[in-house]
Amino acid sequence: KDEKLQHCLLCGRQKSLTFHHFVPRFCHSNKWFKKRLTRDEMQQGIDLCKDCHTFLHKQFTEKELARELASREAMLENETIATFIQWVRKKK
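Anyway, here's the lowdown on the structure attached to this text.

Each value, and the rule that gives it
- Residues numbered from 1 in each chain as written.
- Predicted model: local features only at pLDDT ≥ 70, side-chain atom pairs only at ≥ 80, totals over all residues.
- Heavy atoms only, no water.
- Helix = DSSP H or I, 4+ residues; strand = E, 2+ residues; numbered from the N terminus.
- Buried < 20%, exposed > 50% of the residue type's maximum accessible area, 1.4 Å probe, protein only.
- Areas by Shrake-Rupley, 256 points an atom, 1.4 Å probe, with all protein chains shown as cover.
- Phe/Tyr/Trp six-rings, centres within 6.5 Å; stacked < 30°, edge-to-face > 60°.
- Lys NZ or Arg CZ within 6 Å of the ring centre and 35° of its normal.
- Patch = residues over 30% accessible without salt bridge, like charges linked within 9 Å, V, L, I, M, F, W, Y side chains within 5 Å.
- Salt bridge = Lys/Arg side-chain N within 4 Å of Asp/Glu carboxyl O.
- Lys, Arg positive; Asp, Glu negative; His and termini not counted.
- Charge placed at Lys NZ, Arg CZ, Asp CG, Glu CD.

Notes on the overall build of the protein chain
Each helix and strand in the protein chain was counted, giving 6 helices and 4 strands. With the C-alpha coordinates of the protein chain rotated into their principal frame, the extents come out at 40 × 35 × 20 Å. In the protein chain, which comprises 92 residues, the proportion classed as buried is 34%. If you sum the accessible surface of the protein chain, you get close to 6,600 Å²; carbon and sulfur atoms cover 47% of it.

Examining the environment of Q86
Relative to the elements of secondary structure, Q86 occurs in helix α6 (residues 79-88). Judged by relative accessible area, Q86 falls into the exposed class, the value being 55%. Q86 sits 75 residues away from C11 along the chain, and the two C-alpha atoms are 7.9 Å apart.

Description of the packing of aromatic side chains
Counted under the stated rule, the structure contains 3 aromatic pairs. Consider the rings of F55 and F84, whose centres lie 4.0 Å apart with planes at 10°: the pair is stacked. A residue pair is termed long-range when its members are at least 10 positions apart, and F55 in helix α3 (residues 50-59) and F84 in helix α6 qualify at 29 residues. Considered together, F55 and F84 belong to a single accessibility category, that of buried residues. Ring plane angle 45° and centroid distance 5.8 Å describe the contact between F84 and W87, whose orientation is recorded as tilted. Within this pair, F84 and its partner W87 are both found in helix α6, separated by 3 residues, close to a single helical turn. When its relative accessible area of 11% is taken as the criterion, F84 is described as buried. W87 sits in the partly exposed class, given a relative accessible area of 49%. An aromatic cluster is defined as three or more aromatic residues linked by ring pairs; in this entry it consists of F55, F84 and W87. Between R67 and the ring centre of W32, over which it is positioned, the NZ or CZ distance is 4.0 Å.

Notes on a positive patch on the surface
On the surface, K31, K35, R36, K63 and R67 cluster together to form a positively charged patch. Elements with a minimum of two residues in the positive patch: α1 (31-36) and α4 (62-68). It is α1 that contributes the most residues to the positive patch, 3 residues altogether. One can find R67 in helix α4.

Next up, the structure:
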């Protein structure tokens, strides 16, 4: 499969991207989320490079991602993520 390189919506580097759900699929059947979010809202997300996507899932629990980091803006305001982005931008 020939993947096009595109800009990661977190670090901005040109890479092949993967889709990150703001509300991880693991949480989609959870009553707390089902009560508060529509099906469409649970499907929303952004395209990230593998480095950023892997970092998010290693650094935060599924519920932290869903409750506290459920938008690109929230991610960019997070100090841990901002520090990672500064670091990863220097990588080749």
